[in-house]
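Here is how the chains run, residue by residue.
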Amino acid sequence: MKIEFDVKLTIKDLYMFNLGQAYKGMQGFVSLIIPALIFVCAAYTWNSVSIEKNFINLGIGILILLYVPVSLYLRSAKVIKTDAVLSKSLHYEVSEEGIQVSQGEASAQLEWNQIYRMVAKGNKALIYTNRINAYIIPKSQMEDQWDALIQLAKMKLEKFRLKA
């Protein structure tokens, strides 16, 4: 069985991947806890401090809360526009032997035993080569081959390395 498809990543695809990665780690935890603490403190001291200080506290909390998503979006937009590989379409060939990714003359082969983990849920599949890096495959760009990809992954990957 052989599946072939092309993927052109969008800013949204890369942004959603980066956002998920960021909020899985300690940075995401801290970027949610600190604004929550600021909001709780602002609510607790609302009547005992001036209105200016209340709005400064709320503003700082909102800035910290929005910093990670906004910076990740801007970074994703910059990467999609400037990176030579991600700005163009990637061609995937998925077979019993593994996954071959090519673009122009460049090509890379990823055997099934080299896949760290594959997560296929929602509107995308993430094929991790290690804990951090992954191939992002939007479901919308696979046409009717999504189910075939999942079935092939179920045959070739151990159960603990596939989340579908």
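Residues numbered from 1 in each chain as written. Predicted model: local features only at pLDDT ≥ 70, side-chain atom pairs only at ≥ 80, totals over all residues. Heavy atoms only, no water.

### Details of the pattern of salt bridges
Here comes step 1: What the rule picks out here adds up to 3 salt bridges.
Here comes step 2: The partner of E96 in a salt bridge is K156, with the nearest N and O atoms 3.6 Å apart. Taken as a pair, E96 in the loop between β2 (90–94) and β3 (98–103) and K156 in helix α4 (residues 146–156) lie far apart in primary sequence, 60 residues in all.
Here comes step 3: Residue class for E96 comes out partly exposed when judged on its relative accessible area of 33%.
Here comes step 4: Residue K156 is classed as partly exposed on the basis of its relative accessible area, which comes to 32%.
Here comes step 5: Across the pair E158 and R161 runs a salt bridge, and its minimum N-O distance is 2.9 Å.
Here comes step 6: With a relative accessible area of 38%, E158 lands in the partly exposed category. (Salt bridge = Lys/Arg side-chain N within 4 Å of Asp/Glu carboxyl O. Helix = DSSP H or I, 4+ residues; strand = E, 2+ residues; numbered from the N terminus. Buried < 20%, exposed > 50% of the residue type's maximum accessible area, 1.4 Å probe, protein only.)

### Here we look at a positive patch on the surface
Here comes step 1: Residues K24, R117, K121 and K163 make up a contiguous surface patch of positive charge.
Here comes step 2: In this fold, K121 is placed in strand β5 (residues 117–121).
Here comes step 3: For K121, a relative accessible area of 48% corresponds to the partly exposed category. (Patch = residues over 30% accessible without salt bridge, like charges linked within 9 Å, V, L, I, M, F, W, Y side chains within 5 Å. Areas by Shrake-Rupley, 256 points an atom, 1.4 Å probe, with all protein chains shown as cover. Lys, Arg positive; Asp, Glu negative; His and termini not counted. Charge placed at Lys NZ, Arg CZ, Asp CG, Glu CD.)

### A look at the sheet that holds strand β4 (residues 106–111)
Here comes step 1: Read across the open sheet, the 4 strands follow the order β1-β2-β3-β4; overall the sheet is antiparallel. Taken across any chain shown, the strands that pair with only one partner, and hence form the sheet edges, are β1 (3–7) and β4. The mean inter-strand angle of the sheet, taken between neighbouring strand axes irrespective of direction, is 20 degrees.
Here comes step 2: Bridge analysis of β3 against β4 gives 6 bridges, and the strand direction is antiparallel. Its bridge partner being in β4, V101 is matched across the sheet by A108. (Pairing = 2+ DSSP bridges. Axes fitted to C-alpha atoms, helices over the stretch in contact; angles between N-to-C directions.)

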